[in-house]
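# Coordinates in review
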Amino acid sequence: VDVWLGIVSNATTADSKKHGKKKVTVSFFEDDCDAALRAYVQQLMQVVQVASYGSCLRNADHPAVKKDAEARRLHSRADPEHKLQEARLQAARGSMFCLVVDRMDAVNFLSQSLSMAFAAGCVPVYYGTGQANMMAPHHSFVNAHALQSARRLGSSLRSLAADGAAYSKFHEWRQYVGKSVNYRDYLENSLFF
């Protein structure tokens, strides 16, 4: 957990300062989507650019995986699943937002997708259970359900992308990484480990 805390705070603080250099896109990595999620993402695609790297509505290919120090620390094994995670991390780094889908409704559990979004330096757009509000750092993600529709979410993301100060507020929590009990609990309960 301590190594991960260092990676999230150091690498992504620099990434978050590259606001103007990132594309106004939403990275999406879902392989299994039901009709409701598919319809939601299709509506979102009408308002903002969504780069879908998973099999659900795929419209983008993973960039070549770079073997940088961070990726090696995160994924030391060479099996195909870790290579896929490295590719997804690289793809997410170029986006301002990452759509994170969490279908689990377990207490004290969040999927690895939220960890990956934090590590990539994008602002997670959380489409899932209420667990993120209790476990993730305060004001670290956009709650998709709170905006009530994909169109409203897309408009909100476009506004955030245009306002550097508002976008940066979603990264302020990074200066407190390791000091927050909630964030440490989140990392310890994430499937990423």
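These lines cover the structure that appears in this document, whether it is placed above or below. On a predicted model such as this, the values are computed, not experimentally measured, just so you know.

### Section: the pairing of strand E4 (residues 123-128)
For E4, the tally of buried residues reaches 5 of 6 residues, placing the bulk of the element in the interior. Note: strand E3 (residues 95-102) against E4, 6 bridges, orientation parallel. Looking at E4, one finds that Val-101 is bridged to Tyr-127. Here 2 bridges tie E4 to strand E5 (residues 142-143), and the two strands are oriented parallel to one another. Across the sheet, residue Val-125 finds its bridge partner in E5, namely Val-142.

### Observations concerning the nonpolar core
Phe-28, Phe-97, Leu-99, Val-125, Val-142 and Leu-153 are the most contacted members of the largest nonpolar core, which totals 28 residues. Those elements that provide at least two residues to this core are strand E1 (23-28), helix H2 (35-45), E3, E4 and helix H7 (150-162). Broken down by element, the residue count for this core peaks at 5 residues, all from H7. In contact with Phe-28, not counting residues within four places along its chain, are Leu-37, Val-41, Val-50, Ala-51, Ser-52, Tyr-53, Gly-54, Cys-56, Leu-99 and Val-101. By size, the runner-up hydrophobic cluster in this structure holds 21 residues, among which are Phe-29, Ala-51, Ala-120 and Tyr-126.

### Focus on the state of the cysteines
Within this structure, the stated rule accounts for 2 disulfides. One disulfide in the model links Cys-33 with Cys-56; its S-S distance is 2.0 Å. Between Cys-33 and Cys-56 the disulfide shows an S-S torsion of about 85°. By sign, it is right-handed. With a gap of 23 residues between them, Cys-33 in the loop between E1 and H2 and Cys-56 in the loop between strand E2 (49-52) and helix H3 (69-74) connect regions that are remote in the sequence. The exposure classification of Cys-33 matches that of Cys-56, with both residues buried. The disulfide partner of Cys-98 is Cys-122, and the S-S distance across this bridge is 2.1 Å.

### Re the side chain of Thr-25
Mapped onto the fold, Thr-25 is located in strand E1. Residue classification places Thr-25 among the buried residues on the basis of a relative accessible area of 4%. Of the polar contacts made by the side chain of Thr-25, one reaches the side chain of Ser-95; its length is 2.9 Å. Setting aside residues no more than four positions away along its own chain, Thr-25 makes contact with Gln-49, Gly-94, Ser-95, Met-96 and Phe-97.

### Observations regarding the packing of H2 against H7
For the pair H2 and H7, interaxial distance at closest approach is 8 Å and the crossing angle is 40°. Our classification of the angle between H2 and H7 gives oblique. Crossing angle aside, the handedness with which H2 passes H7 is right-handed. Between H2 and H7, the residues in contact are Tyr-40, Gln-43 and Leu-44 and Ala-150, Arg-151, Leu-153 and Gly-154, respectively. Taken together, the residues of the contact of H2 with H7 break down into 4 nonpolar, 2 polar and 1 charged.

Thresholds, definitions, all that
Residues numbered from 1 in each chain as written. Predicted model: local features only at pLDDT ≥ 70, side-chain atom pairs only at ≥ 80, totals over all residues. Heavy atoms only, no water. Buried < 20%, exposed > 50% of the residue type's maximum accessible area, 1.4 Å probe, protein only. Helix = DSSP H or I, 4+ residues; strand = E, 2+ residues; numbered from the N terminus. Pairing = 2+ DSSP bridges. Core = buried A, V, L, I, M, F, W, Y, C linked by side-chain atoms within 4.5 Å. Contact = heavy atoms within 4.5 Å. Disulfide = S-S within 2.5 Å. Polar contact = N/O pair within 3.5 Å; in protein donor to acceptor, adjacent residues only side chain to side chain. Axes fitted to C-alpha atoms, helices over the stretch in contact; angles between N-to-C directions. Parallel < 35°, antiparallel > 145°, perpendicular 65-115°, else oblique. Left-handed = near helix turned anticlockwise from the far one by under 90°. Nonpolar A, V, L, I, M, F, W, Y, C, P; charged D, E, K, R; others polar.

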